[in-house]
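Structural characterization, general
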Amino acid sequence: MFKPTVGPIIGHTTTNHARIFLRGEANKDARAFAGIRYRRLGEEDWSTGIFAELERARDMSAVLVLNDLAADTVHEYQAGWFNPMNPVHFVDTPQALPLQWPGQIHRLRTRSSQATQPKAYVVGSCRYLRLTAGIAADPHLGDRMFATISRLVEQADPPVSAMLMTGDQIYVDDLNLIAPDRELKDILHKYRVAFSQPHIAKLMSALPTYMILDDHEIEDNWPANRSKSDDCLYANAINAYELYQASHGPAHELSADGQINRKLDKYWYLFTDGDIEWFVSDTRTRRNLAPSDRRILDIEQEQVLCTWLINSSARVKFVVTSVMFYPDSKRPDNDAWQGFPEQRLRLLETIRAHAVKNVFFVSGDVHGSMTSRLSHSMDPRFDVHTIVSSPLCNSKLLPYAKASTFILDQPLARTAAGDYRHELTSEVISQDNFAHLVVDSERVHVRYHDRDGNLLQSIAITLH
C-alpha cells in the first residue's frame, strides 16, 4: 500500500465513530482502493480493513467511516491506497489480500460521553497560500501556524475536541486580477497543495476538523459580482469544495452500511459535543440578493436555526457564520451580516423573545480577531457574544482589521422595544493568529495565539 497523497484528514467524530478522508493516485486504467484499519491504543490486533474504491470523478478521494469505537479513547489507525494485482477485485474483496500497510501510525481520540466535562476547540480562518503556475510561493509561511496549533493540541488540558475552520481554507481567486483559477483541475490542485503541507497534514490526521466555505472558495464577495460566465467557475469550485471540505463533515448522512451517503443537499450542519452544540451555517451559497427579501440564509436554514436556538437543551450554543455577525464595518459592507439587517434582527429578536442563554456567534473573514458583547437597552436578560478569529495566514496584499475599522459608537439596531448595543470585550488583534476556546462550567475562555504560540490575549466570558 502507498501513503495517501492527501490526508488522512479526520472529519466528523462522535463518541463511537469517525470519518476519515484520504486521496490516492490515478494509475492509467488500474483500479485503486483506499483502506483503513484501526485499534485501541495499547492493543496488538488491528481491526479488519475498511475499503472504498477510488474514482477519477472524485479526484481519487474517499471518506471511510470507522464505527463501533470506544468513547473518550485514543485509537491508532493506518491509512493507505493500492492497486490490486487482479483487476477483477471489487470493494468487498480486498480484506483477503496480503496487504503491506504503510508504516505510519496515526492517532485519534473519540468524544467523551461525559456531557459536562470541560471542552476545548481551535478556531481559525483565512489561510492564504499563493500559488503561481501551480507552485506554492513560500508555503512554509502558510503552514507554520499549523505546527504551532499541533504543539498546543499535544499539550492541551482539557483535550482539544476539534478544529473549526470557518472559511477561506483556500483562495481560488488568490491571483484574481491576473490569473484566477476557473478550471476544475486547477482548483483541485490548489486543494491538494493546501491540505498536504506537512504541518497541516499532521494536525488534520490527529484532530477532527470541521469546515465551512466562505467566498474565496469560489470568488471574492460571491455571489454579489456573479456573471453568466461564472456558472462554470461556480460548478467547479463547489465540486472541489464538496470533495475536500464537505465530504468528511456532518452534512452527509450515513447509509445503512454505516458508510457515507454521497447525496448532499445542503452545506450547513449541526454537531454535538456533550452539553455544547455547534450550528455551522452556510452564509455563502444560499443568499438571496433581491431587494424585496435580502437573505444571507435561505428560508429553511433560518427556520432550522431559530428552532434549534429555541428548543435545544445545550448549555452553550455556538453559531458559526463565516462572515461577521457584528460589529459592522465603517465601510459599507453588504457582504457581511451588515448587508442583511432585517434577517439579523429576526435572529436577535428570536434569542431575546425566548430568553436563550449562552449564544456565541463564531466567525472569521475580516483579517482581525476580537470578542464583543451585544446587550439590549430594555432587556437585561439579553446577552450575546461574538468570537472572531482571522487570519491564519494573511497575504501581504491584504490589510488587517483594526478597532477603527468598526462602528462602535452607535447601536447595532434600534427597535420600538429598545436598542441593541454592542461593545468590544477585547482588543482587535491585527496579525496572524488562531483562537483556542475552553468551555468549563462557568466560562468560555478565548485565548488568541500568534504563529509562534505566544499568547496575544485572553478573555473570559461568564456563562449564565
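If you're wondering where the values come from, they're calculated on a predicted model, not measured in any experiment.

Cut-off values and rules
Residues numbered from 1 in each chain as written. Predicted model: local features only at pLDDT ≥ 70, side-chain atom pairs only at ≥ 80, totals over all residues. Heavy atoms only, no water. Core = buried A, V, L, I, M, F, W, Y, C linked by side-chain atoms within 4.5 Å. Buried < 20%, exposed > 50% of the residue type's maximum accessible area, 1.4 Å probe, protein only. Helix = DSSP H or I, 4+ residues; strand = E, 2+ residues; numbered from the N terminus. Contact = heavy atoms within 4.5 Å. Pairing = 2+ DSSP bridges. Axes fitted to C-alpha atoms, helices over the stretch in contact; angles between N-to-C directions. Disulfide = S-S within 2.5 Å. Parallel < 35°, antiparallel > 145°, perpendicular 65-115°, else oblique. Left-handed = near helix turned anticlockwise from the far one by under 90°. Nonpolar A, V, L, I, M, F, W, Y, C, P; charged D, E, K, R; others polar. Phe/Tyr/Trp six-rings, centres within 6.5 Å; stacked < 30°, edge-to-face > 60°. Lys NZ or Arg CZ within 6 Å of the ring centre and 35° of its normal.

1. Section: the nonpolar core
Counting residues in hydrophobic clusters, the biggest one holds 75 residues, and the most contacted among them are Leu164, Phe195, Trp278, Phe318 and Ile387. The element contributing the most residues to this core is helix H4 (residues 231-246), with nine residues. Ignoring sequence-local partners within four residues, the contact set of Phe318 consists of Ile276, Glu277, Trp278, Phe279, Trp308, Phe360, Val362, Ile387, Leu437 and Val439. Counting residues in hydrophobic clusters, the runner-up holds 33 residues, among them Phe279, Tyr326, Met370 and Val388.

2. Quick word on the pairing of strand E1 (residues 6-13)
A large share of E1 lies buried, amounting to seven of its eight residues. Of the strand pairs in this sheet, E1 and strand E2 (residues 18-23) are connected by four bridges, and their pairing is antiparallel. Looking at E2, one finds that Ile10 is bridged to Ile20. Following E1, the chain reverses through four residues before pairing antiparallel with E2.

3. Thoughts on the environment of Ala403
Along the chain, Ala403 falls in the loop between strand E18 (383-388) and strand E19 (413-415). Among the residues examined, Ala403 registers a relative accessible area of 38% and is labelled partly exposed. Spatially, the C-alpha atom of Ala403 lies 8.8 Å from that of Leu424, the residues being 21 residues apart in sequence. With residues up to four places along the chain from it excluded, the contact list for Ala403 reads Leu408, Leu424 and Val428.

4. Observations regarding the sheet that holds E2
Pairing in this open sheet of three strands is antiparallel, and the strands run E1-E2-E5 from one edge to the other. Strands with a single pairing partner mark the edges of an open sheet, and in this sheet they are E1 and strand E5 (61-66). If you compare each strand with its neighbour and ignore which way they point, the axes differ by 20° on average. Note: E2 against E5, six bridges, orientation antiparallel. Residue pairing in the sheet places Arg19 in a bridge with Val65 of E5.

5. Here we look at the state of the cysteines
Following the criterion strictly, the structure yields zero disulfides and no others. Between Cys126, a free cysteine, and Cys393, which holds the nearest cysteine sulfur, the sulfur-to-sulfur gap is 11 Å. Since its relative accessible area comes to 1%, Cys126 is described here as buried.

6. Side note on the packing of helix H5 (residues 299-311) against helix H6 (residues 341-353)
To describe two helices that pack against each other, one gives the angle between their axes and the distance between the axes. Running from N to C, H5 and H6 point in directions that differ by 20°, and their axes come no closer than 10 Å. What the angle tells us is that H5 and H6 run roughly parallel. For the crossing formed where H5 meets H6, the hand is right-handed. Contacts between H5 and H6 involve Glu302, Leu305, Cys306, Leu309 and Ile310 from the first element and Gln343, Arg346, Leu347, Thr350 and Ile351 from the second. The residue makeup of the contact of H5 with H6, split by class, is six nonpolar, two polar and two charged.

7. Examining the packing of aromatic side chains
Here a ring pair, both rings aromatic, is described through the centre-centre distance and the interplanar angle of the planes. Going through the model one piece at a time under the given rule, you end up with 25 aromatic pairs. Between Phe271 and Trp278 the ring centres are 5.9 Å apart and the planes differ by 5°, which places this aromatic pair in the stacked class. For the pair formed by Phe271 and Trp278, the shared burial category is buried. Through a chain of ring-to-ring contacts, the aromatic side chains of Tyr121, Tyr210, Tyr269, Phe271, Trp278, Phe318 and Phe360 assemble into a single cluster. Above the face of the Tyr234 ring, Arg226 is positioned so that its terminal group lies 5.0 Å from the ring centre. Taking NZ or CZ as reference, Arg294 lies 4.3 Å from the ring centre of Phe340, over its face.

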